[in-house]
Amino acid sequence: HLTDQKISTTKQLISFVLKYLLKGTLFGAVWWVSSDVALMLFILYSAWHFGQADFKEWNLKQGWRSFLWGTVLLSAILFFHAEELIGILTQIPNLAIVQLIYEIPDGGLLLIQILTVLSGLALARLNRSINLLFTLIYLLMASQLSLLMAFGIYFVLQHSLNGWKHLSAGLEKNSSVMLKNALPFTIGGAGIIIYFLLFANENHIGLFFIILSCLSLPHALSMHHFYQPSSSK
């Protein structure tokens with residue numbers, strides 16, 4: 001809620017929270033209606049969000065290039081761990097697209113991987129960015145690790161750290177203050193993870209994936225608003 005600097009009253013705060021939760025709830029309804037549509041939307045807005053954050057950090061012009069970069073990021077993580085990806089997707093109820101991914105021949109998978117690398121190299125050249133090239137290289141190296149480790153390296157050590165830095169600068173708060181502000185949500189997130197590890201059934205990864213997507217949508221929209229020139233410094 002701190003990303004919306006127009007909030008100054010309790011009424012405005014309650015309104016923001018309700019709208020935030022409503023967005024996540026509505027996306028949960030999309031999962032209920034069609035898992036395949038929800039999955040595609042999740043991938044699309046995740047690519048948009050990751051690309052936007054990286055291009056913001058590197059002072060690059062956002063638009064189709066940042067979206068394509070986000071797509072390259074996800075492809076470099078997901079399609080270089082195809083077997084693990086299928087294992088996760090099979091735990092999502094009523095998902096038909098998993099069969100299509102499963103039936104991709106080795107040659108088709110190799111083509112997707114080659115196109116991913118070539119697209120990343122083209123973007124690095126087009127934007128004259130060593131950061132794009134470096135990220136692509138370490139993601140390819142991380143393909144030798146598990147999917148969770150590869151995604152964690154990017155998500156924690158690049159995306160989250162950069163996002164934290166952007167919030168700190170835009171909100172004019174140091175890390176100690178931000179840690180206090182984030183504490184209730186950190187505890188809540190840890191509680192969700194602990195619950196799934198200890199009490200969820202064998203399909204907990206699929207359900208966890210769905211909940212994560214519902215939390216991610218309003219976050220991506222809020223950060224998009226925060227990244228606009230009129231909303232942050």
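Provided above is the structure to which this section pertains.
In this text the structure is predicted, and so the values were computed from the model without any measurement. (Residues numbered from 1 in each chain as written. Predicted model: local features only at pLDDT ≥ 70, side-chain atom pairs only at ≥ 80, totals over all residues. Heavy atoms only, no water.)

Q: Would you mind going over the overall build of the protein chain with me for this structure?
A: When its secondary structure is counted, the protein chain shows 10 helices and 0 strands. In sequence order, the secondary structure elements of the protein chain are arranged as α-α-α-α-α-α-α-α-α-α. A principal-axis box enclosing the C-alpha atoms of the protein chain has dimensions of 55 × 45 × 30 Å. The buried share of the protein chain, reckoned over its 233 residues, is 38%. At a minimum sequence separation of 6, the contacts of the protein chain that also span at least 24 residues come to 68%. The protein chain carries 13 positive and 10 negative side-chain charges, and their two centres are separated by 22 Å. (Helix = DSSP H or I, 4+ residues; strand = E, 2+ residues; numbered from the N terminus. Buried < 20%, exposed > 50% of the residue type's maximum accessible area, 1.4 Å probe, protein only. Contact = heavy atoms within 4.5 Å. Lys, Arg positive; Asp, Glu negative; His and termini not counted. Charge placed at Lys NZ, Arg CZ, Asp CG, Glu CD.)

Q: Sorry, what's going on with the packing of helix H9 (residues 175–198) against helix H10 (residues 204–227) here?
A: Each packed pair of helices is defined by two parameters, the angle between the axes and the distance between the axes. For the pair H9 and H10, interaxial distance at closest approach is 10 Å and the crossing angle is 160°. Accordingly, the angle class assigned to the pair H9 and H10 is roughly antiparallel. Relative to H10, H9 is oriented so that their crossing is right-handed. Mapping the contact onto sequence places Ile 192, Ile 193 and Phe 196 in H9 and His 204, Leu 207, Phe 208 and Ile 211 in H10. Within the contact of H9 with H10, the residues separate by chemical class into 6 nonpolar, 1 polar and no charged. (Axes fitted to C-alpha atoms, helices over the stretch in contact; angles between N-to-C directions. Parallel < 35°, antiparallel > 145°, perpendicular 65-115°, else oblique. Left-handed = near helix turned anticlockwise from the far one by under 90°. Nonpolar A, V, L, I, M, F, W, Y, C, P; charged D, E, K, R; others polar.)

Q: Can you help me understand the nonpolar core in this one?
A: If you look at the biggest cluster of nonpolar residues, it comprises 42 residues, and the most contacted ones within it are Phe 27, Trp 31, Trp 69, Leu 89 and Leu 132. For Leu 132, the residues in contact, after removing those within four places along its chain, are Phe 55, Trp 58, Leu 60, Trp 69, Leu 123, Ala 124 and Asn 127. The next biggest cluster of nonpolar side chains, apart from the first, holds 7 residues, and it includes Met 178, Met 223, Phe 226 and Tyr 227. (Core = buried A, V, L, I, M, F, W, Y, C linked by side-chain atoms within 4.5 Å.)

Q: Help me understand helix H4 (residues 82–89) in this model?
A: Listed in full, the buried residues belonging to H4 are Ala 82, Leu 85, Ile 86 and Leu 89. Take H4 and look down its axis: the buried residues cluster within an arc of 100°, on one side only. Along its buried surface, H4 packs onto helix H2 (35–57), helix H3 (64–78), helix H5 (97–102), helix H6 (106–127) and helix H8 (147–171). (Arc of directions from axis to C-beta.)

Q: What exactly am I supposed to notice about the pattern of salt bridges here?
A: In a structure, side chains of opposite charge can pair up when their charged atoms sit close to one another. One pass over the structure, following the stated rule, counts 1 salt bridge. Of the charged contacts in the structure, one is a salt bridge between Lys 165 and Glu 57, with a shortest N-O distance of 2.6 Å. Remark: Glu 57 occurs in helix H2 and Lys 165 occurs in helix H8; sequence separation between them is 108 residues. On the basis of relative accessibility, which here comes to 43%, the residue Lys 165 falls in the partly exposed class. Here Glu 57 falls in the partly exposed class, since its relative accessible area comes to 21%. (Salt bridge = Lys/Arg side-chain N within 4 Å of Asp/Glu carboxyl O.)

Q: Teacher, can you tell me more about the environment of Val 37 here?
A: When you line up the elements, Val 37 lands in helix H2. On the basis of relative accessibility, which here comes to 44%, the residue Val 37 falls in the partly exposed class. A sequence separation of 68 residues divides Val 37 from Pro 105, and the C-alpha atoms of the two residues are 23 Å apart.

Q: Could you clarify how one ought to interpret the packing of H3 against H8 in this entry?
A: Taken N-terminus to C-terminus, the directions of H3 and H8 make an angle of 150°; their axes are 9 Å apart at the nearest point. Classified by the interaxial angle, the pair formed by H3 and H8 is roughly antiparallel. Along the contact surface, H3 presents Leu 73, Ile 77 and Leu 78, while H8 presents Leu 147, Phe 151 and Tyr 154. Of the residues that constitute the contact of H3 with H8, the class distribution is 6 nonpolar, no polar and no charged.

Q: Would you mind showing me how to read the packing of aromatic side chains here?
A: Two aromatic rings are characterised by how far apart their centres lie and by the angle between their planes. Evaluated as defined, the whole model comprises 16 aromatic pairs. Ring plane angle 70° and centroid distance 5.6 Å describe the contact between Phe 27 and Tyr 45, whose orientation is recorded as edge-to-face. Of this pair, Phe 27 sits in helix H1 (residues 10–33) while Tyr 45 sits in helix H2, placing them 18 residues apart in sequence. The class for Phe 27 is buried, based on a relative accessible area of 4%. Considering the side-chain rings of Phe 42 and Tyr 45, the 5.5 Å spacing of their centres and the 55° angle between planes classify their relative orientation as tilted. Highlighted residues: Phe 42 and Tyr 45, both in helix H2, separated by 3 residues, approximately one helical turn. (Phe/Tyr/Trp six-rings, centres within 6.5 Å; stacked < 30°, edge-to-face > 60°.)

Read these as layout, nothing more, since geometry by itself doesn't imply function.
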